[in-house]
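# Overview (structure and organization)
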There are 2 protein chains.
Amino acid sequence: MTQLSEAKKGQPTPEMQYISKKENISINKLISLVSEGKIVIPKNINRDTYPCGIGENLSTKVNANIGSSNKIEDINLEINKAKLAVDYGADTIMDLSTGPDLNKFRKKIMESVNVAIGTVPIYEAGVNTLNKGKKIIDMDSDDIFKTIENQAREGVDFMTLHCGINKQTVDKINKTNRKMGIVSRGGSFLASWISHNEQENPLYENYDYILELSYEHDVTLSLGDGLRPGCQSDASDIAQIQELVDLGVLVKKAQENNVQVMVEGPGHMPLNQIKSNMELQKTICNGAPFYVLGPLVTDLAPGYDHITGAIGGAIAAFCGADFLCYVTPAEHLTLPSLEDVKEGVIASKIAAQAADIANGLKSAWAKEDEMGEARKNFDWEKQFQLAIDKYKPRFYKNQCPLDDDEMCAMCGEYCAVKLGKNNF
Amino acid sequence: MTQLSEAKKGQPTPEMQYISKKENISINKLISLVSEGKIVIPKNINRDTYPCGIGENLSTKVNANIGSSNKIEDINLEINKAKLAVDYGADTIMDLSTGPDLNKFRKKIMESVNVAIGTVPIYEAGVNTLNKGKKIIDMDSDDIFKTIENQAREGVDFMTLHCGINKQTVDKINKTNRKMGIVSRGGSFLASWISHNEQENPLYENYDYILELSYEHDVTLSLGDGLRPGCQSDASDIAQIQELVDLGVLVKKAQENNVQVMVEGPGHMPLNQIKSNMELQKTICNGAPFYVLGPLVTDLAPGYDHITGAIGGAIAAFCGADFLCYVTPAEHLTLPSLEDVKEGVIASKIAAQAADIANGLKSAWAKEDEMGEARKNFDWEKQFQLAIDKYKPRFYKNQCPLDDDEMCAMCGEYCAVKLGKNNF
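Fair warning: this is a prediction, and the values are worked out from it, not measured in the lab. (Residues numbered from 1 in each chain as written. Chains lettered and ligands numbered in written order. Predicted model: local features only at pLDDT ≥ 70, side-chain atom pairs only at ≥ 80, totals over all residues. Heavy atoms only, no water.)

### Description of the interface of chain A and chain B
In this assembly, 101 residues from chain A lie in contact with 102 residues from chain B. Roughly 8700 Å² of surface becomes buried between chain A and chain B when both sides are summed, with 69% attributable to carbon and sulfur atoms. For chain A, the biggest contributors to the area lost against chain B are A:Leu300, A:Tyr304 and A:Tyr414; these three give 11% of the whole. Between the two partners, chain A and chain B, sit 2 salt bridges. Our count for the chain A to chain B interface comes out at 22 residue pairs in polar contact (both at pLDDT 80 or more). (Contact = heavy atoms within 4.5 Å. Buried area = accessible area lost by both parts, 1.4 Å probe. Salt bridge = Lys/Arg side-chain N within 4 Å of Asp/Glu carboxyl O. Polar contact = N/O pair within 3.5 Å; in protein donor to acceptor, adjacent residues only side chain to side chain.)

### So, the sheet that holds strand E10 (residues 323-325) of chain A
Ordered by their spatial adjacency, 8 strands build a closed barrel running E3-E4-E5-E6-E7-E8-E9-E10 (chain A), and the pairing between neighbours is parallel. Pairwise comparison of adjacent strand axes, ignoring direction, gives a mean angle of 25 degrees for this sheet. (Pairing = 2+ DSSP bridges. Helix = DSSP H or I, 4+ residues; strand = E, 2+ residues; numbered from the N terminus. Axes fitted to C-alpha atoms, helices over the stretch in contact; angles between N-to-C directions.)

### Quick notes on the nonpolar core
A:Ile93, A:Ile311, B:Ile93 and B:Ile311 are the most contacted members of the largest nonpolar core, which has 216 residues in total. Excluding anything up to four places from it in sequence, B:Ile311 contacts A:Ala310, A:Ile311, A:Ala314, A:Ile350, A:Ala351, B:Leu271 and B:Val297. (Core = buried A, V, L, I, M, F, W, Y, C linked by side-chain atoms within 4.5 Å. Buried < 20%, exposed > 50% of the residue type's maximum accessible area, 1.4 Å probe, protein only.)

### Some points on the environment of A:Phe158
Residues and elements named next belong to chain A. Within the secondary structure layout, phenylalanine 158 lies in strand E6 (residues 158-161). Residue class for phenylalanine 158 comes out buried when judged on its relative accessible area of 0%. Residues phenylalanine 158 and asparagine 24, 134 residues apart in the sequence, show an inter-C-alpha distance of 24 Å.

### Notes on the sheet that holds strand E8 (residues 261-265) of chain B
All names here are of chain B. In spatial order, the strands read E3-E4-E5-E6-E7-E8-E9-E10; together these 8 strands close into a barrel with parallel pairing. Across the sheet, the axes of successive neighbouring strands diverge by a mean angle of 25 degrees, strand direction being ignored. Bridge analysis of strand E3 (residues 61-66) against strand E4 (residues 92-95) gives 4 bridges, and the strand direction is parallel. Directly across from asparagine 63, in E4, lies its bridge partner threonine 92. The sheet strands contacting helix H12 (residues 238-256) are strand E7 (220-223) and E8, and the helix crosses E8 at an angle near 165 degrees.

So this is what it looks like as structure tokens:
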């Protein structure tokens, strides 16, 4: 039994009922969109969390990545990052740990937050391989599936699996002149494995088995874009679009087998290409929710990729993307600090809200209208409450003492709103 | 003699020659675009600066606002802000001082930086009125023109003048249900003045005199959008578009009189409305450069309006805007600190670069390609040099010591690029 199988029967689940109320969408419409695969509800049957709907007609959702690397491993820090991200409005958390203790990390993180948790199981399989003193390219395909099964039993709600990379696409990438090659870690693991072993990607070859495991625990598949572009000039190239086409075939198969599925997307991409990429994903992938990693609209801003990602994310979500993976200021440079996590979530929440009002979402507009009213009335407390970050604007506003509340230190006495209020 | 009058004669000025080289545009094409009013070169004949071209076929430019308010007045701080903004890539500086000593401020700031300086003369006229113990609504229209003339003689390169507000538009704004009313300071000064005195806006009524003064010193007019929307639901309303239409008439008159002119635009605006607003300005305003204040694509992010502005600015510049006014994290709350100025300039530079590559600008693409190459080669020093902020990424990268240079602490040993390099 999965959310998808129930929706196909016209049967509302408690999760659908919760989302219907929360997002102010009729239960019948929600059931219909889940049944078509246009909305997913990543919620493993073995885990108890607040359910979150991702897809058409719902507000744009935000994911925050946390997790150790083999250079930095601090369990308390990662748990605090997860909690902070949720406090600032992240809808889901992905644990991308690759440190030696990643298994312990995942369990603790799943206990610490009450939102859907995603993982990339190939990381655990890879780390286990290295822990055995072997190389990634010597990874055993049984290990991969055992990892997926264990994580599904533990309650992981959604998994990134790079099922779309195969011998053909690896061959294509070797023949085209990609500047940056492969920049997805999972994609790179698998492409190296395919090249070295001259065998097919186990996740591609044994996709049916993945569907079985996913169905059993209602794990939502997040089909990874292992060949996403890693710099502006690689965007929308043959390798990227070939993988998307292959993913489209896999999406349909998942949906037919009652497995919830979404698709991951770019990446580094000039903003003029975003619209067509979003439209293409929707047609090729049968309306499945699109989960984008950015897009980052310039590569010249290391240290500020939360901003390059917010620009791309806002446009993407306006053009059809449903789920934004946050990017922090630390991207491309190091693991994010707590402050970076906060900045990353806020930037993505801004992008999501901007897209939601552009798409006419009523609940998003209601907040804008309340903010306009609060500004007009100089109701600062209300403004702080409505703000995505409730603390920073309060701090800024209160830096400079003022004679009365009907102004701020930016314009002082010459406040246009105050002047207008007294003269119109 | 103005840049425009010379261009109409087919006569290249030294400023045009400098810009032609710097922006890699043929001198003939540049002359032609200046002669049509599609490019302006704000450079007062009384001031010696590096000239900057703004408009069609050129890279998107960024302005940084600095200046005192009557709550915070610190000349050294404002000079440091101006210098810092230029260091981070601001192409022009606007001095928006409204503190009692604003005259001294402007002179010092003009001495401190070597880029085009803009002002809003009505602020000085307003402050002088208040200094005399009178109210803004009692401002003397002669004072306004004396201020404009003095500033033009001093060497101010471009001036925001709210010539488009008139009795008719003030009447329209009173009759429509605008949530936020007027949020432009200059707009609010003039609308209050018109309402109170039941007289026409002196800047509208005596526009010919403004053209004379501007022509004499080759001051570029920046026609202010006093009625720009101040919240999302006011965007693209009757008052805003009426003012734009009125500005269109004034643009044509300026161009006919050999006065360089650009137009200021919104403001608070949902991102789906940006494209049509940009296109409309270009048709109504005879191709004159568009100088946008944002647009801010959501109002829910006080403390982060550099990000809401970067999203709107990138889309605007992609759709035709030529000149982005930065927005800092302090917007709506207080005057920016040095750190806020830096954040604001960087966010706008990101938006400008993202738009420039989306528009196919070769010089912008060259930088992206160099960055991709540097990333692929793990040439960190080159990456830092190419970055919009050369310091922050260096600091992030060096936080965690690493065994070799072919990785960062984010992915550690599992770097996709490194793995790809060794296995393909």
